[in-house]
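Read off the chains here:
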Amino acid sequence: MSLVWLNGVVLPADQARIDPADRGFTLGEGLFETMRVQAGTVPHIDRHMARLAEGATLIGLPRPDDGVLRRGLDDLLRASGASGQEGAARLTVTHGPGVRGLAAPTAPRPTVLITLAPLPPPAAPARLFLCQSVRRDQQSVLSRIKSLNYLPSLLARREAEAAGADEALLTNLCGDVAETSVSTVLAVRNGVALTPRVADGALPGIARARLLDAGLVREGRITPHDLLRDGGCAVLLVNALSVRTVASLNGQALPAAPAFEATVRAFLDDPSR
């Protein structure tokens, strides 16, 4: 039976209960972090905690201190027998229950949930579709946080699937590339790898930050035309759990960059880097 950590207690998932008045459920007021588990631990947890803290500050979300969250994660991994295992952990924090309406609770009781899941299997090369119905607002605070409200990404993915693709490429209000529905975009041409800027609507992802810090990629403005011109450039999609190649954009085949892909995979798979 799968276990979860909910508000300080490890218990079977089918016994976990969230208050019907929880603002994460009623208003989408909350944040989450998806973290890779390697050898029974979460590498780079400091980066995840820092991003959660920054997001909480931006939206006025109270949260437990890092020590509580780290102990909760350790307790769940130990109780689940995940020592030495690979997997994915998700940490969700909401503003907790509140009265009907938008007014914030005067004495908030945040809801904190940690769950575990297997790593997703390797995905086939992505067929990207340039989303038309949803744009990333690069000026909005929501573009810089891992919000529980994932409806824009869901709608973008559905549009891509309706067009015969399997992933959506999102642009910002100026038409520049921001990200996909779940991943950071890396565009590789002539041995140079670019990723969209946070100022262009890209989420400040953990894998993205590690690659930037290591000098393997750099930030820059990218347009859809840049991805397709002169036969196209190689594109990789990365997040905390995976690296995925891109086969095509709007039906146009894109080239591969096997050497760079191998470098990125080896780097992100190494918990010490």
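In case you missed it, the structure is sitting above this.
Residues numbered from 1 in each chain as written. Predicted model: local features only at pLDDT ≥ 70, side-chain atom pairs only at ≥ 80, totals over all residues. Heavy atoms only, no water.

Chemist: Is there a simple way to think about the overall build of the protein chain in this case?
Modeler: Scanning the protein chain from N- to C-terminus turns up seven helices and 14 strands. The C-alpha radius of gyration computed for the protein chain amounts to 19 Å, which stays within 12% of the reference 19 Å derived for 273 residues, consistent with globular compactness. When each of the 273 residues of the protein chain is scored for burial, the buried share is 45%. Contacts in the protein chain between residues at least 24 apart in sequence constitute 68% of all its contacts with a sequence separation of at least 6. By element, 55% of the accessible surface of the protein chain is carried by carbon and sulfur atoms, the whole surface being about 13,100 Å². (Helix = DSSP H or I, 4+ residues; strand = E, 2+ residues; numbered from the N terminus. Rg over C-alpha atoms; globule rule 2.2 N^0.38 Å. Buried < 20%, exposed > 50% of the residue type's maximum accessible area, 1.4 Å probe, protein only. Contact = heavy atoms within 4.5 Å. Areas by Shrake-Rupley, 256 points an atom, 1.4 Å probe, with all protein chains shown as cover.)

Chemist: What's the story with the state of the cysteines in this structure? I'm lost.
Modeler: As used in these notes, a disulfide is a covalent bond between sulfur atoms, one from each of two cysteines. Applying the stated criterion across every chain, the model contains zero disulfides. With no disulfide partner, Cys131 has as its closest neighbouring cysteine sulfur the one in Cys174, 16 Å distant. Residue Cys131 is classed as buried on the basis of its relative accessible area, which comes to 2%. No disulfide involves Cys233; its sulfur sits 19 Å from that of Cys131, the nearest cysteine. (Disulfide = S-S within 2.5 Å.)

Chemist: Sorry, what's going on with the pairing of strand S4 (residues 87-94) here?
Modeler: Two faces, one strand: in a regular strand the side chains alternate between the faces of the sheet. Of all the eight residues making up S4, seven are buried; the element is thus mostly covered by neighbouring parts of the structure. Pairing analysis gives eight bridges linking strand S3 (residues 30-37) to S4, with the strands arranged antiparallel. Opposite Arg36, over in S4, you have Ala88 as the bridge partner. Pairing of S4 with strand S5 (residues 111-117), which is carried by seven bridges, proceeds in the antiparallel orientation. Looking at S5, one finds that Thr92 is bridged to Leu113. (Pairing = 2+ DSSP bridges.)

Chemist: Sorry if this is basic, but what is going on with the nonpolar core here?
Modeler: Across soluble globular proteins, nonpolar side chains show a tendency to be buried alongside one another. One finds Leu73 and Leu91 to be the most contacted residues of the largest nonpolar core, which totals 21 residues. Counting residues per element, the ones that place at least two in this core are S3, helix H2 (45-59), helix H3 (66-79), S4 and S5. When sequence neighbours within four positions are dropped, the list of residues in contact with Leu91 reads Leu31, Phe32, Glu33, Met35, Met49, Leu52, Leu69, Val112, Leu113 and Ile114. (Core = buried A, V, L, I, M, F, W, Y, C linked by side-chain atoms within 4.5 Å.)

Chemist: Looking at this model, I keep getting lost on the sheet that holds S3. Mind explaining?
Modeler: Either a parallel or an antiparallel arrangement is found when strands of a sheet pair, and the pairing is made through backbone hydrogen bonds. One open sheet holds the five strands; their spatial order is S2-S1-S5-S4-S3, and the pairing between them is antiparallel. On the outer flanks of this sheet lie strand S2 (9-12) and S3, each paired with one strand and no other. Put simply, the sheet's adjacent strands are angled 20 degrees from each other on average, direction ignored. Pairing analysis gives four bridges linking strand S1 (residues 3-6) to S2, with the strands arranged antiparallel. Residue pairing for S2: Leu3 is matched across the bridge by Pro12. Across the face of the sheet, H2 comes into contact with S3 and S4 while running at roughly 175 degrees to S3. (Axes fitted to C-alpha atoms, helices over the stretch in contact; angles between N-to-C directions.)

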